[in-house]
Amino acid sequence: MKITEIIPGIHYVGVNDRTTTRFEGLWSLPYGVSYNSYLVVDEQVALIDTVEEAFGSRFVENIHEVLGDRTVDYLIVNHMEPDHSSSIRTLRLLYPKMLIVGNAKTLQMLAGFYGITDGTLEVKEGSTIQLGAHSLQFHLAPMVHWPETMVTWCPEAKVLFSGDAFGTFGALNGGITDSQLELDHFWDEMRRYYACIVGKYGAPVQKALQKLGGLPIETICATHGPVWQREIPRVVSMYDRLSRYEGEHGVVIAYGSMYGNTEQLAERIARELAERGVRPIVMHNLTTADMSMVVRDVFKYDTLLVGSPTYNAELFPEVEHLLRKIEARCVPTRNFGFFGSFCWAGAAVRRMKEFAERMKWEPICTPVEMKQGFDARSYDAARTLAEQVAARFNEQ
Ligand code: FEO
């Protein structure tokens, strides 16, 4: 068995990226990211997805290591986002007879991104390609998280090539499958990947999960992160919860602060909550926090408290930034509370109330609005807010 072969006839030919600092130009990559691609080698050869083109030469070496002088007969394009499609032009030059397989939307994007209009094969829901002992069957999964998204099922090997679904941030440190890797950090990286990249599309993800639920899947080959085998139940359950926006029991306190007054209020609320047995409590100072970690925790936990000073008669900019991200992801419900401060005319608390109304979130506590400095008067307000939050938290 070759070192690339993850199960008989199926090889991993992806690459690791520990250089890019921001995925999509936005999301930090403290553990790097992998761009996964797979070869199904039979009487005919299919390549499933490609990699970010900056890693194209490593990718081609990986393919050559498996195939030698053989050609690629089919390139299956499950997803056209350029982290997976930007090597297509290079591959077409290397394998000019290779048929590029995608659905109608894929082929339209293939023309738009890369000017490729010939040597393509359009597939529909349920279409099948026979490679020999292996076949590949295509299932459309629109808006997980682009409109052309599909997944590819190999029934003989019981492998699902799932595209971005079940993907995570985090490069692969030597191992490829979940039994070859240290997984501890991947769970939060999966949540962060989901929340930042896919988070808006809970309903389409639910639809895809239901569609694929009947398949006897033994291996999930996603486009990012480990190949899942042993941990499939945990991975599917995590995607199910995330796409239902179901948070674990826990409190996130996210705040902005210019001179420390709102921060002191946040600290006091956290202390009061802890005294009442609330666990876990996660705090983010939005000036220094990594926004992707904050968004991840908003998805991870069921309770969110936000604090903001008034700044230019508006929310503190980083708080506004966070609230916009939550709104864009259509999070349907959270146990929500808010607090703020002002010097001469308050606006932040009003803006957070308006946010709650737009989200249709019923606040679980009376907001605290603090004028000027944090002092003993604020203790009572913080205690009252914390009592209300703790009461709700402990009854759930
Ligand atoms: Fe990994 Fe949606 O691309």
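Residues numbered from 1 in each chain as written. Predicted model: local features only at pLDDT ≥ 70, side-chain atom pairs only at ≥ 80, totals over all residues. Heavy atoms only, no water.

Peer 1: Now, about the nonpolar core: what can you tell me, with residues and values included?
Peer 2: Nonpolar side chains in soluble globular proteins tend to be buried together. Ranked by size, the top nonpolar core spans 114 residues in total, and within it I63, I76, L136, F161 and I326 carry the most contacts. No fewer than three residues from each of domain 1 (5-243) and domain 2 (249-395) sit in this core. Among all residues touching I63, those that are not within four sequence positions of it are V13, L39, L47, G68, V72, L91 and Y95. Formed by 22 residues, the second largest nonpolar core is a distinct cluster that contains I269, A270, A382 and L385. (Core = buried A, V, L, I, M, F, W, Y, C linked by side-chain atoms within 4.5 Å. Buried < 20%, exposed > 50% of the residue type's maximum accessible area, 1.4 Å probe, protein only. Domains from an automatic or database assignment. Contact = heavy atoms within 4.5 Å.)

Peer 1: Give a detailed account of the pairing of strand β18 (residues 281-285), specifying residues and quantitative values.
Peer 2: Only one face of β18 is covered, namely the one carrying V282 and H284; the face carrying I281, M283 and N285 has none of its residues buried. Both strand β17 (residues 248-255) and β18 contribute to a ladder of five bridges, which runs parallel. Residue V251 lies in a different strand from β18, and its bridge partner there is I281. For the crossover that starts at β17, traverses helix α8 (residues 261-275) and ends in the parallel β18, the hand is right-handed. (Helix = DSSP H or I, 4+ residues; strand = E, 2+ residues; numbered from the N terminus. Pairing = 2+ DSSP bridges. Right-handed = clockwise from strand over helix to strand, strands pointing away.)

Peer 1: With reference to specific residues and values, describe the sheet that holds strand β14 (residues 150-154).
Peer 2: Spatially, β12-β13-β14-β15-β16 is the arrangement adopted by the five strands of the open sheet, whose pairing is mixed. At either margin of the open sheet sits one strand with a lone partner, and together these are β12 (128-130) and β16 (219-222). Going from strand to strand, the sheet's axes swing by 20° on average, the running direction of each strand aside. (Axes fitted to C-alpha atoms, helices over the stretch in contact; angles between N-to-C directions.)

Peer 1: Hey, could you go over the packing of aromatic side chains for me, with residue numbers and the actual values?
Peer 2: By the definition in use, this model includes 19 aromatic pairs. Look at Y12 and Y38: their rings are 5.7 Å apart centre to centre, the planes differ by 75°, and that puts the pair in the edge-to-face class. Residue Y12 is found in strand β2 (residues 10-12), and its partner Y38 is found in strand β7 (residues 38-41); the two are separated by 26 residues along the sequence. One exposure class covers both Y12 and Y38, and it is buried. A ring pair is formed by F113 and W146, whose centres lie 6.3 Å apart and whose planes are at 15°; its orientation type is stacked. With F113 in helix α4 (residues 104-114) and W146 in the loop between β13 (135-140) and β14, this pair connects stretches of sequence that are 33 residues apart. (Phe/Tyr/Trp six-rings, centres within 6.5 Å; stacked < 30°, edge-to-face > 60°.)

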